[in-house]
Structures are given as C-alpha cells and as structure tokens.
Amino acid sequence: MFLGTPRVVAVETSRRQQTLARRVDVSGFGLWTGVDVVYSFRPAEENSGVRFFRDDLPNSVPIPASVKNRVQKPRQTSLAVGAAQVDMVEHVLSALRAARVDNCDVVVSAPEAPGCDGSCAPILQALLDAGVVRQQALRSAIKVTEPGVYYPDGSVLNGARIEILPSVSEGAFYEYNLYYDRPCAIPNQKASFNFNASPEEYLREIAPCRTFLTLEEANALRAMGVCQRVTAKDALVFAPEGLVDNELRFDNECARHKLLDMVGDFALASADWIGEFRAFKTGHQQNADLVSALLDLCE
Ligand SMILES: [Zn+2]
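A quick note: this is a predicted structure, and the numbers were derived from the prediction, not measured. (Residues numbered from 1 in each chain as written. Predicted model: local features only at pLDDT ≥ 70, side-chain atom pairs only at ≥ 80, totals over all residues. Heavy atoms only, no water.)

Asker: I tried to follow the state of the cysteines on my own but got confused; where do I start?
Answerer: Note on terminology: a disulfide is the covalent bond linking the sulfur atoms of two cysteines. Evaluated as defined, the whole model comprises zero disulfides. Here Cys209 stays free of any disulfide, with the sulfur of Cys254 as its closest cysteine sulfur at 8.9 Å. (Disulfide = S-S within 2.5 Å.)

This is the structure we're talking about:
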C-alpha cells in the first residue's frame, strides 16, 4: 500500500550497457544447504540482462534475474523458471549491480550461491578483477518523479516501510534503518550509500558487510537441519552478551548488510534506479514487492 501518489517513469540513460571482459568463477558452499558450488560469471550479449543457468540439470532453461521469476523462500531471494531454481542470489545480484555488469550469464553447478564469508566482497572483487567492457546499447532506468511511502502488507503498525523520493543527484541513493520493537542483541543502526560512487567504494564500504542473525535464530535453524556447515566465522551471530567468536568490520555492519541485500533485490527490476529509497525494517519479500509495485506504476 502506498501513502501518497508516487510516480515513476521509464527513461533511457546515457550510460552504455556493460558486460564482463572475461569469464570468472567463484566457488564455495551454500550457507543453507552446505553444498559445494561454482558460480561461473560469463560475458553476455547486450539487452540479455542477468540470467542464471543450472548446469547440473539436463536441458536447463535460462532463469532471468527478474522480479517476475521470484519465488517465496524465507530469508533469501530465490528465482525459478519451471523446475529450474536458484537460491540465495541476492548477494550475487548486489555484486553485479555494484560492478555495473548489466549483461551476464551465470552458469551454476548447484542451486544455492556460494556463501563466501557471508558478504558479497569476494564476488565483487572477482568481477572487478575480470573487468567490464562497454556495449553499444544504452541502459534503461526507472526514475522516481513524485514521492510516496510504501507500507508492506500488514506493516502499518510495526513501522516497516520504504520512503521513495526523487533523486537530487540523478542516481540511486539507498538508506537502511535497522531496529527492533523487542529487546534484541543487535543494536539499532542505519546505513546509507550513494550509487554515484565507484564500484571500488562499494567494495570498501558495503560489500564486505556480512549476513547476521541472533544466536536464538541460529540454534533454531540448526535444529531444522539447515546451516549445518556454517560457523560463527561465516556469519555474524549475536548472543545476548554480544557477538559470538567474531569481530565487526563496521559498527553498523548489520545495517550495511541490509543495504547490500536491498541493492540486490532492487536489481530485480533489470534497470538502473534514479531515486532515493529509505527503508525501515524491511526484508527481501518487502523489497521485491515494492519493486513489483513500482514496475506496475511505471509510465
Ligand atoms: Zn544478505
């Protein structure tokens, strides 16, 4: 539900589309499943966007990174076309956006993306090492022209929302406000990032920020039989008395990670964004629902 009447228009930017200069592979294991996996990032034709290919399935179809292909799965972003599905792709999408890789074929050996250290820095570093090349076609964008506030279903009482504003810098600006209504081991915090900054700045400031959860949540997941291979070194685990067996990279690392997730979820629009987005307490589902709603409004 929107408060106000936000308006968005589709525009063509002066930025040429880009793809990778060469293939680059990132390997690791999925944080949820523990399965070893290789995500192979390959150059792709202009206007093809980001597409995933399940190399472990016979006759696998491409899975475009579009919000239309998003399927519901708790605490992660999953995409599917028919029986072919990829999971935990939000950090991959965040790294591709940060590197300005618009067209890329991602050939995967198992559904779940490599968890790396819980951040997207190893993926972004690999993409930047491979380098990008410009293509002929121009990149399109979705531009916010009138402000509004998006309240996800049922959230009016708990304060979850995303404020949408026209951009003062002709780019994308993201802010994430993290807070809990109940006592929580994770302190209240916020983070922001102006996407006009370079990919290298994203690599320094946002990409290294790791996924996080409370010890209570970690124990519940283990009891469900998932995340068996994950240690407190692969994610930030907050106990009531503090962070377990790890050190923060930034005081507000959790809010920065939520911003990283948001950039990945907003990439499901398959276009650049020109606008400011200030999120309060939202997660993957709400981010994607807003992207869908704005695409529906797009003139
Ligand atoms: Zn995340």
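The structure having been displayed, the exposition proceeds.
Asker: Just to check I follow, could you spell out the coordination of the zinc ion for this structure?
Answerer: Under perfect tetrahedral coordination by four donors, a metal shows angles of 109.5 degrees; under perfect octahedral coordination by six donors, it shows angles of 90 or 180 degrees. Every protein donor of the zinc ion is listed here as His91 (NE2), His257 (NE2), Asp261 (OD) and Asp261 (OD), and their distances to the metal cover 2.1 to 2.7 Å. Its four donor atoms give the zinc ion angles of 52 to 148° at the centre, a pattern that matches the irregular case. Taken in chain order, the donor set of the zinc ion reads H-x165-H-x3-D. Taken together, the residues span a long stretch of sequence, with His91 in helix α1 (residues 90-98) and His257 in helix α5 (residues 253-266) at a distance of 166 residues. Looking at His91, the relative accessible area reads 6%, which means it is buried. Classification of His257 as buried rests on a relative accessible area of 1%. (Donors = N, O, S within 2.8 Å, 3.2 Å for Na, K, Ca; no water. Tetrahedral: all angles 85-135°; square planar, octahedral: opposite > 155°, others 65-115°. Helix = DSSP H or I, 4+ residues; strand = E, 2+ residues; numbered from the N terminus. Buried < 20%, exposed > 50% of the residue type's maximum accessible area, 1.4 Å probe, protein only.)

Asker: Even after reading the chapter, I still don't get unusual backbone geometry, so can you show me in this structure?
Answerer: Leaving glycine out, the prevailing phi sign among residues is negative, and the prevailing peptide bond configuration is trans. Backbone geometry places Asp245, a non-glycine residue, at a positive phi of 50°. In this model, Ser270 sits at a positive phi of 60°, which is unusual for a non-glycine residue. Position of Ser270 among the secondary structure elements: in the loop between α5 and β19 (272-280).

Asker: What is the right way to read the sheet that holds strand β17 (residues 236-239) from this model?
Answerer: Remark on secondary structure: sheet strands pair via backbone hydrogen bonds, oriented parallel or antiparallel. In space, the three strands of this open sheet follow the order β16-β17-β18, with mixed pairing throughout. The two strands at the open ends of the sheet, each matched to only one other strand, are β16 (212-214) and β18 (242-243). Pairing analysis gives three bridges linking β16 to β17, with the strands arranged parallel. Across the sheet, residue Thr214 finds its bridge partner in β17, namely Phe238. Against the sheet, helix α4 (residues 215-223) touches β16 and β17, its axis set at about 90° to β16. (Pairing = 2+ DSSP bridges. Contact = heavy atoms within 4.5 Å. Axes fitted to C-alpha atoms, helices over the stretch in contact; angles between N-to-C directions.)

Asker: How do you make sense of the pattern of salt bridges when you look at a structure like this?
Answerer: Side chains that carry opposite charge are capable of pairing whenever their charged atoms lie near each other. All chains considered together, the criterion is met by 20 salt bridges. Lys190 is the salt-bridge partner of Glu175, the closest N and O atoms lying 3.9 Å from each other. Highlighted residues: Glu175 in strand β14 (residues 172-178) and Lys190 in strand β15 (residues 189-194), separated in sequence by 15 residues. Taking relative accessible area as the criterion, Glu175 reaches 7% and is therefore assigned buried. When its relative accessible area of 48% is taken as the criterion, Lys190 is described as partly exposed. Salt-bridge contacts for Arg256 lead to Glu205; the nearest nitrogen and oxygen are separated by 2.9 Å. Residue Arg256 is found in helix α5, and its partner Glu205 is found in helix α3 (residues 199-205); the two are separated by 51 residues along the sequence. Judged by its relative accessible area of 15%, Arg256 falls in the buried class. Assessed through its relative accessible area of 29%, Glu205 is described here as partly exposed. Because the salt bridges share partners, they merge into one network encompassing Arg15, Arg97, Asp102, Arg139 and Asp272. (Salt bridge = Lys/Arg side-chain N within 4 Å of Asp/Glu carboxyl O.)

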